[in-house]
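Residue-level structural notes
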Amino acid sequence: MPAMTTLRRTATLALLAGAWPFVPASAQTDADFLAAKAAYERGERTRVAALAPKLSGHVLAPYVAYWQLKLGLDDASPAAVRTYLDRYPNTPLGDRLRVEWLKLLGRNAIWHQFAVDWPPPASDDVELACYGVLYKWQRDGDDALAAAKPLWFTEKATPEACEPAFAALIRRGDLTPADRRARFRLAHEAGNLRTAQAQGAGLPGHERVPDRDFNEVSRDPLRALDRGSFAWATGGGRELALFALERAARSDAGAARPAWVKVRDRMPEADRRYGNARLAFHAARQLNPAANDWFREAGNVPLSADAHAWRVRAALRAQAWDDVAAAIAAMPESQRQEAAWRYWRARALAAQGRQDEANALLTVLAGETHFYGVLAAEALGRRYTPPVSEPVTPSAEAVAAFAARPEVKRAVKLAELDLRPESQREWIYIVRGLPDDDALLLAAGYARSVGLYDRAINTADRTQARHDYALRYLAPYRTEFESAAKAHDVDVALLYAIARQESRFAADIVSSAGAVGLMQLMPGTARWVAKQLARNDYRPALIGDTELNTLFGAYYFKYWLERLDRMPALAAAAYNAGPGRAQAWRPPAPLEGAVWVETIPFNETRDYVKKVLANAIVYGHAFNTSQQPLTARLGTVTPRNGAANGAAVTAAALATE
């Protein structure tokens, strides 16, 4: 419960008792902590300093000390920073301070001090990485510049700190015109037009893409591609044509195809194949039935991981099993070993009559607890059964020792104060330092005992050999979920499966989009459900109530389940991405449900549907309820009655993903 709520409740009780309000010291210091946090966020250094003495003994005192240092970092002494880093090593705040300190030293080229704390713990901060290159450059000479080259290949704008190293690499010829064109393509493939424009304008000589031409193509890419009036003899002209194709295909690959076919023969073969691949990629994501044929035109052109995946998906939609096998074989080994592609490779092998090879892959998959593990077991003709749990029973002393750790106390207090992101960061640091599965399960059990259900699940999910499925698949709020399931005739295992994916059972969670509670209801959805159920007692403040939240969530899921032909996969997609999108993604002809799920265009929704359906199987086993096999539950997804092909709707939806 947030501290201010605690304070209000204490004061109210005291007034009702006829006494002056008495605020417990712990509640008061929590209030001071929240006041210090608010002051920090406003940049009020003096206010934070005034509150700090009151909080010196508070469990979250390290945060206050960090805020003081951060607000005064420009004039902080190395000794003060060193004292903090030594006192709080291997903590999120210590690592964050180290990064900010190193960046400050790098900006001011104070390399002798920079050397003291370099390298930092693992960090993906590009600005810091570039300062590291600059430090090594001045220390070791030009050979150190090679470390900057991998940082060049990004679709994003890079920090100013990177520019000296990049400029030196360009002068030396270590960043070639081809490398610079690759950066331009990465940016416009990602839709980062500002970065793409800057990279295009910075290309050398005849490779350059002038701003005026870039802007003209951006305004109407299909018209520009159809006119084909590019400077074909120059690298810049060809890059501009490929940019026009990218933008036009992103909107509607089918509409872009005729214009591309008209001009592509004017391209060198490598560029032509690249363009074919980009057109096919967008067509696949838009569920265009011609995508698989168009991927064939790309040949063996290099692809991104995302494009490799969509090449397989296009072949799946076309039921072209030889192409499925070939597309998976073309993937890098690390991607090929992902569960999805092991499963679909097995299916392709079976379709090719190589059943023994298929069964060998399926047997391994069937021992894994995820969507493909369930499908693999069923493909082998057996009902999926989760592996046996091996829970730990730690001693009371071991639990007490874990609970007494300062970082654990911080994580719990931060959650109590509704500072969820900070609590999660503390917990991540706790669990990543645990030595084995037993320690992870002890931590997960403790998290469950203090109501941190999301951390309990995420921690239990990390075990490698010893697993506790009661922790991985927690089932709190049984009364509320069973009541909601009974009220709306929904499988309680499905409701738990949705809630596990939506909220990890954090009842007070509010998403960045404003979705609330266990079932992550949007306020507008809750109002609509209240109207359907004639709940005149509903008011917005009740949306997070666990009983109402589960009841309304169950109704909303059941409503769309009924209207989407009782297909749970479609209903789950509708719950996550909206019913309009779920309808638009329906195929023009009947399609195997597993293939439909695999080819959901939104990455988040595709992952969501897989996890919800797999979760439901595990919960069904835990509750010992009769379970329809996953393959039967997926069924065959049929076309929408009276609906036209949804490709145009899909393309429009993808533009907002």
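Residues numbered from 1 in each chain as written. Predicted model: local features only at pLDDT ≥ 70, side-chain atom pairs only at ≥ 80, totals over all residues. Heavy atoms only, no water.

Examining the overall build of the protein chain
- Scanning the protein chain from terminus to terminus reveals 40 helices and two strands.
- Relative to the compact-globule value of 26 Å for 657 residues, the protein chain shows a C-alpha radius of gyration of 28 Å, a close match.
- Dimensions along the principal axes, computed over C-alpha positions, put the protein chain at roughly 85 × 70 × 50 Å.
- Looking at the protein chain, you have 82 positive and 74 negative side-chain charges, and the mean spots of the two groups are 3 Å apart. (Helix = DSSP H or I, 4+ residues; strand = E, 2+ residues; numbered from the N terminus. Rg over C-alpha atoms; globule rule 2.2 N^0.38 Å. Lys, Arg positive; Asp, Glu negative; His and termini not counted. Charge placed at Lys NZ, Arg CZ, Asp CG, Glu CD.)

A few points about the side chain of Gln-520
- With respect to the secondary-structure elements, Gln-520 resides in the loop between α32 (492–502) and α33 (523–532).
- At a separation of 3.0 Å, a polar atom in the side chain of Gln-520 contacts the main-chain carbonyl oxygen of Gly-517. (Polar contact = N/O pair within 3.5 Å; in protein donor to acceptor, adjacent residues only side chain to side chain.)

Observations regarding the packing of helix α6 (residues 92–107) against helix α27 (residues 420–432)
- Here α6 crosses α27 at 105 degrees, and the two axes come no closer than 9 Å. Relative to α27, the element α6 is oriented roughly perpendicular. Residues Pro-92, Asp-95 and Arg-96 of α6 form the contact with α27, whose participating residues are Arg-425, Glu-426, Tyr-429 and Arg-432.
- Of the residues belonging to the contact of α6 with α27, the class tally is two nonpolar, no polar and five charged. (Axes fitted to C-alpha atoms, helices over the stretch in contact; angles between N-to-C directions. Parallel < 35°, antiparallel > 145°, perpendicular 65-115°, else oblique. Contact = heavy atoms within 4.5 Å. Nonpolar A, V, L, I, M, F, W, Y, C, P; charged D, E, K, R; others polar.)

Considerations on the packing of aromatic side chains
- Using the criterion set out here, one finds 37 aromatic pairs in the structure.
- Centroid distance Tyr-473 to Tyr-619: 5.7 Å. Interplanar angle 85 degrees. Geometry classified as edge-to-face. With a gap of 146 residues between them, Tyr-473 in the loop between α30 (469–472) and α31 (478–488) and Tyr-619 in helix α38 (residues 603–623) connect regions that are remote in the sequence.
- Look at Tyr-473 and you get buried, because its relative accessible area is 12%.
- Among the residues examined, Tyr-619 registers a relative accessible area of 0% and is labelled buried.
- Look at Trp-585 and Phe-602: their rings are 5.2 Å apart centre to centre, the planes differ by 70 degrees, and that puts the pair in the edge-to-face class. With Trp-585 in the loop between α36 (579–584) and β1 (591–592) and Phe-602 in the loop between α37 (593–598) and α38, this pair connects stretches of sequence that are 17 residues apart.
- Within the aromatic cluster, the residues linked to one another by ring pairs are Tyr-469, Tyr-473, Phe-481, Tyr-496, Phe-505, Tyr-619 and Phe-623.
- When the ring centre of Trp-152 is taken as reference, the NZ or CZ atom of Arg-183 above it lies at 4.7 Å.
- Between the NZ or CZ atom of Arg-432 and the centre of the ring of Tyr-429, over which it lies, the distance is 3.7 Å. (Phe/Tyr/Trp six-rings, centres within 6.5 Å; stacked < 30°, edge-to-face > 60°. Buried < 20%, exposed > 50% of the residue type's maximum accessible area, 1.4 Å probe, protein only. Lys NZ or Arg CZ within 6 Å of the ring centre and 35° of its normal.)

Some points on the state of the cysteines
- This structure, assessed with the given rule, holds one disulfide.
- Through a disulfide, Cys-130 is tied to Cys-162; the S-S separation comes to 1.9 Å. Between Cys-130 and Cys-162, the S-S dihedral sits near 95 degrees, and the bridge is therefore right-handed. In this pair, Cys-130 is assigned in helix α8 (residues 126–140) and Cys-162 in the loop between α9 (149–152) and α10 (163–172), connecting sequence segments 32 residues apart. Judged on exposure class, the residue Cys-130 and its partner Cys-162 are both buried. (Disulfide = S-S within 2.5 Å.)

Here's the deal with the packing of α31 against α32
- Orientation of α31 relative to α32, taken along the N-to-C sense of each, is 125 degrees, at an axis distance of 9 Å. By the angle between their axes, α31 is oblique relative to α32. Like other packed secondary-structure pairs, α31 and α32 cross with a definite hand, here right-handed. Across the interface between the two elements, Arg-478, Phe-481, Glu-482, Ala-484 and Ala-485 of α31 pack against Val-492, Leu-495, Tyr-496 and Ala-499 of α32.
- Residue classes in the contact of α31 with α32 are distributed as seven nonpolar, no polar and two charged. (Left-handed = near helix turned anticlockwise from the far one by under 90°.)

Regarding unusual backbone geometry
- That bond from Trp-118 to Pro-119 is cis: its omega, 0 degrees, falls within 30 degrees of zero.
- Positive phi, close to 60 degrees, is recorded for Leu-287, a residue that is not glycine.
- Structurally, the position occupied by Leu-287 is in the loop between α17 (269–285) and α18 (291–298).
- Of the residues examined, Leu-287 reaches a relative accessible area of 9% and is grouped as buried.
- At Asp-565, a residue that is not glycine, the phi angle is positive and equals roughly 60 degrees.

Examining helix α11 (residues 177–189)
- The terminal C-alpha atoms of α11 lie 18 Å apart, and with 13 residues this matches the ideal 18 Å at 1.5 Å per residue to within 8%.
- When α11 is considered as a whole, its buried residues turn out to be Asp-179, Arg-180, Arg-183, Phe-184, Arg-185, Ala-187, His-188 and Glu-189.
- Considering only its buried residues, α11 is in contact with α9, α10, α12 (193–201), α13 (211–219), α15 (235–251) and α17.
- One or two steps after α11, the chain reaches Gly-191, where phi turns positive at roughly 80 degrees. (Expected span 1.5 Å × (residues − 1).)

A short note on the environment of Ala-187
- When you line up the elements, Ala-187 lands in helix α11.
- According to the relative accessible area criterion, Ala-187 is buried, its value standing at 0%.
- Along the backbone, Ala-187 and Thr-154 are 33 residues apart, and their C-alpha atoms lie at a distance of 7.3 Å.

Quick word on the environment of Ala-499
- Note on placement: Ala-499 falls in helix α32.
- Note on Ala-499: relative accessible area 0%, which makes it buried.
- Note: C-alpha distance between Ala-499 and Asn-615 (116 residues apart in sequence) is 9.9 Å.
- If we ignore the near neighbours within four places in the chain, the residues touching Ala-499 are Phe-481, Arg-504, Phe-505, Leu-518 and Met-519.

Digging into the pattern of salt bridges
- Within the structure shown, the criterion is met by 53 salt bridges.
- A salt bridge links Arg-296 to Asp-323; the nearest nitrogen and oxygen atoms lie 2.5 Å apart. Taken together, the positions of Arg-296 in helix α18 and Asp-323 in helix α20 (residues 321–329) put the pair 27 residues apart, joining distant regions of the chain.
- Linked through salt bridges whose partners overlap, the residues forming this network are Arg-181, Arg-185, Glu-207, Arg-238, Glu-239 and Asp-271. (Salt bridge = Lys/Arg side-chain N within 4 Å of Asp/Glu carboxyl O.)

A look at α8
- A rise of 1.5 Å per residue sets the reference length of α8, with its 15 residues, at 21 Å; its end C-alpha atoms lie 20 Å apart and thus fit the reference within 8%.
- When α8 is considered as a whole, its buried residues turn out to be Glu-127, Leu-128, Cys-130, Tyr-131, Gly-132, Val-133, Leu-134 and Tyr-135.
- For α8, the secondary structure elements touched by its buried residues are α6, α7 (111–117), α9 and α10.
- Near the N-terminus of α8, the side chain that reaches the backbone nitrogen of Glu-127, with its oxygen 3.1 Å away, is that of Asp-125.
- Gly-141, located one to two residues past α8, shows a positive phi value of around 95 degrees.

Remarks on the confidence of the model for the protein chain
- Looking at the protein chain, the pLDDT average stands at 93 and 94% of residues meet or exceed 70.
- Confidence drops under pLDDT 50 across residues 642–653; counting only partners more than four residues distant or on other chains, this segment forms 16 contacts. (pLDDT = per-residue confidence, 0-100.)

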